[in-house]
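# Working through the structure, step by step
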Amino acid sequence: MADKDVIIEFLNSKSASKSKFYFKDFTELFPDKGPREVKKVLTQLVNEEVLEFWSSGSTTMYGLKGAGKQSAAEGES
Amino acid sequence: MAKHATPLLDQLESGPWPSFVSDIKQEAAARAANKNGLDYQLPVDTPEDLLGILELSYEEKETHWKHGGIVGVFGYGGGVIGRYCDQPEKFPGVAHFHTVRVAQPSGKYYSTKFLRDLCDIWDLRGSGITNMHGSTGDIVLLGTQTPQLEEIFYELTHKMNVDLGGSGSNLRTPAACLGQSRCEFACYNTQDMCYQLTMDYQDELHRPAFPYKFKFKFDGCPNGCVCAMARSDFAVVGTWKDDIKIDQEKVKAYVAGEFKPNAGAHSGRDWGKFDIQAEVVSRCPGKCISWDGSKLSIKTADCLRCMHCINTMPRALHIGNERGASILLGAKAPVVDGAQMGSLLIPFINCDAPYDDVKEVIEKIWDWWMEEGKNRERVGETMKRLSFQKLLEVTEVEAEAYHVKEPRSNPYIFFKEEEVPGGWDRDLQAYRQRHQR
């Protein structure tokens, strides 16, 4: 399976319980890859608008674009 | 008349110090008058609603700001922090009130044109309220709405040649003191190192992949004008190896009262005649200075680089000629663990451009922290959890006495067998011949 699909499948499998994930959640999916390689895949998915960042200001998380309540709840979807 | 009554905030204006409440009221009045006839992209009464919601929080003793959001500019994982209030009907001007962080110029040198252009963008597309500067050192633009973000980003990057700063689990906007541009104490070019590392680490600044925030700060000398040792995960603090240069004639001139100590900085009251023994010699933490009435001597080996003698007699004493920097790691404010100052990792490192020596250390630390750091764990906490010795291993720095904070009570340097000549093996029979049971 392509690296991007591994990430998307992981996010879909968790979609019932969580919509935002730490960077480390993704590195665990690729035990043979270093963090920088995983980052490249995630960056690509962000650039393709499949994923989006969520930031508290101090911490940043990744999620599928539009997943979770955030955008609708803020009236800015 | 003000839109909201704010008696609690008004009370804050009564102190002797400048008040942010007065500043926001001033901005509210300026926006209402709209002398330049701007087509405000945010409600004109945004500053008034900001005061209103703050007054409400003061009354109820709880915040009305929600936590974080998905907003940002395309491709960037930092630089914009989503802020929403939970009373949007009451305070529509601050229903969305996102923060934009902008990288400050190295050493915080501005032209008035830059500041005017920045304010023009922010008056039109933001609340008009800024924070110059945030704790990290960047320009903080307080309060805008999502549709304005890409517009602001375009204008900043294309017209003002400036980029967004760092936020979230990113490298944060690096900060430097004004260094050699004005200061005779600067031991390396802080502004250039800050600029180069900012340019070299763009990916780390804008695309978050760290366990938590990571801050660089560059101080030209141990006076620490950007507080690198206390406020940055990775502090580069200028230092020197050789002797402090002494001009004995100028020392005598200070003693004779010809020069004001501390360049006259403490002239607010009469401290009496300058007493070199009391004000310099006996205040030396390394006890390395002596004054025999005509000659000042400094034993460099015992000097702690506290800067006190140089600060007191800047015309007589000067930093040494063999200059570079010390690297300290792990300073932070209290969140997960308590506050801590940086720990000295490398006492002296070359600081010549293109700064490969410094970058090599940074990248080894990042590789380790990205692998081993827990979510929301600063590198200083990872260092404490996994030991300073582990940090020495990953940075390939040999353990030295200056790495031990408290000998005996905290001996966290343990030697491995391969590091000890002959290893652990010994001839027990030969030992027993020398030592009976």
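Quick caveat, the model's predicted, so the values are computed rather than measured.

## Focus on the overall build of chain B
For chain B, the count of helices and strands is 15 helices and 13 strands. Its C-alpha atoms give chain B principal-axis dimensions of about 90 × 65 × 45 Å. Expressed as a percentage of the 437 residues in chain B, the buried residues total 41%. Taking the contacts inside chain B whose residues are at least 6 apart along the sequence as the reference set, 63% of them involve residues at least 24 apart.

## Remarks on helix α4 (residues 112–125) of chain B
Residue and element names in this part refer to chain B. With 14 residues, α4 ought to run about 20 Å at 1.5 Å a step, and its terminal C-alpha atoms sit 20 Å apart, in line with that. Within α4 the residues assigned to the buried category are L118, I121, W122 and R125. Down the axis, α4 shows its buried residues gathered within 90° of arc, on one side only. Exposed side of α4, more than 90 degrees from the buried face: T112, K113 and R116 are the residues found there. Residues of α4 that are buried make contact with β3 (129–132), β4 (139–144) and α5 (146–159).

## Here we look at the sheet that holds β4 of chain B
Spatial strand order, β1-β2-β4-β3 (chain B): four strands in an open sheet with antiparallel pairing. Among the strands making up the open sheet, the edge pair consists of β1 (80–81) and β3 of chain B.

## Structural notes on the nonpolar core
Residue and element names in this part refer to chain B. Membership of the largest hydrophobic core comes to 110 residues, with the highest contact counts inside it found for M193, F218, A235, V236, I327, L328 and L329. When residues of this core are assigned to their parent elements, the largest contribution, six residues, is made by helix α12 (residues 356–372). Leaving out residues up to four positions away in the same chain, V236 has contacts with M193, F218, A228, A325, I327 and V358.

## Examining the packing of α12 of chain B against helix α13 (residues 379–386) of chain B
Two packed helices can be described by the angle between their axes and the distance between those axes. Residues and elements named next belong to chain B. Here α12 crosses α13 at 75°, and the two axes come no closer than 10 Å. Considered as vectors, α12 and α13 are oriented roughly perpendicular to each other. Counting all contacts with α12, which are made through I365, W369 and E372, the residues of α13 involved are V379, T382 and L386. Within the contact of α12 with α13, the residues separate by chemical class into four nonpolar, one polar and one charged.

## Describing helix α3 (residues 46–60) of chain B
Residue and element names in this part refer to chain B. With 15 residues, α3 extends 21 Å between its outermost C-alpha atoms, agreeing within 8% with the 21 Å of an ideal straight helix rising 1.5 Å per residue. Within α3, burial applies to T46, P47, E48, D49, L50, L51, G52, I53 and L54. Lining the buried residues of α3 we find α1 (7–12), α2 (20–33), β3 and β4. Directly after α3, the chain includes K61, whose backbone phi takes a positive value near 55°.

## Considerations on the interface of chain B and chain A
The interface is formed by 27 residues belonging to chain B together with 21 residues belonging to chain A. Its residues placed into classes, the side of chain B that touches chain A shows eight nonpolar, 15 polar and four charged.

## Some details on the domain arrangement of chain B
All names here are of chain B. Structurally, chain B comprises domain 1 (7–12 + 20–159), domain 2 (175–239 + 324–419) and domain 3 (245–318). If you look at the interface, domain 2 gives five residues, while domain 3 gives five residues. Partitioned by chemical class, the residues of the side of domain 2 that touches domain 3 number three nonpolar, two polar and no charged.

## Some details on the environment of V80 of chain B
Residue and element names in this part refer to chain B. Among the structural elements, V80 can be located in strand β1. According to the C-beta neighbour criterion, V80 is buried, with 29 such atoms within 10 Å. V80 has contacts with V71, G72, V73, H98, V100 and L149, leaving out every residue within four places of it along the chain.

## Focus: the packing of helix α1 (residues 3–13) of chain A against helix α3 (residues 35–47) of chain A
Residue and element names in this part refer to chain A. Put simply, α1 and α3 touch, their axes get as near as 10 Å, and they point 75° apart. Here α1 lies roughly perpendicular to α3, going by the angle between them. Together, D3, K4 and I7 of α1 and V41, Q44 and L45 of α3 make up the contact between the two elements.

## Some thoughts on the sheet that holds strand β5 (residues 175–176) of chain B
The strands making up a sheet associate through backbone hydrogen bonding, with each pair oriented either parallel or antiparallel. All names here are of chain B. Spatially, β5-β6-β7-β12-β13 is the arrangement adopted by the five strands of the open sheet, whose pairing is mixed. Here the strands that pair on one side only, and so sit at the sheet edges, are β5 and β13 (343–349). Pairing geometry for strand β6 (residues 216–219) and strand β7 (residues 234–240), over four bridges, is parallel. Within β7, the residue paired with F218 across the bridge is V236. Each of β7, β12 (323–329) and β13 is contacted by α12, which is oriented at about 155° to β13, the strand it contacts most.

The rules we used
- Residues numbered from 1 in each chain as written.
- Chains lettered and ligands numbered in written order.
- Predicted model: local features only at pLDDT ≥ 70, side-chain atom pairs only at ≥ 80, totals over all residues.
- Helix = DSSP H or I, 4+ residues; strand = E, 2+ residues; numbered from the N terminus.
- Buried ≥ 20, exposed ≤ 12 C-beta atoms within 10 Å, placed from the backbone.
- Contact = placed C-beta atoms within 7 Å.
- Expected span 1.5 Å × (residues − 1).
- Arc of directions from axis to C-beta.
- Pairing = 2+ DSSP bridges.
- Core = buried A, V, L, I, M, F, W, Y, C linked by C-beta atoms within 7 Å.
- Axes fitted to C-alpha atoms, helices over the stretch in contact; angles between N-to-C directions.
- Parallel < 35°, antiparallel > 145°, perpendicular 65-115°, else oblique.
- Nonpolar A, V, L, I, M, F, W, Y, C, P; charged D, E, K, R; others polar.
- Domains from an automatic or database assignment.

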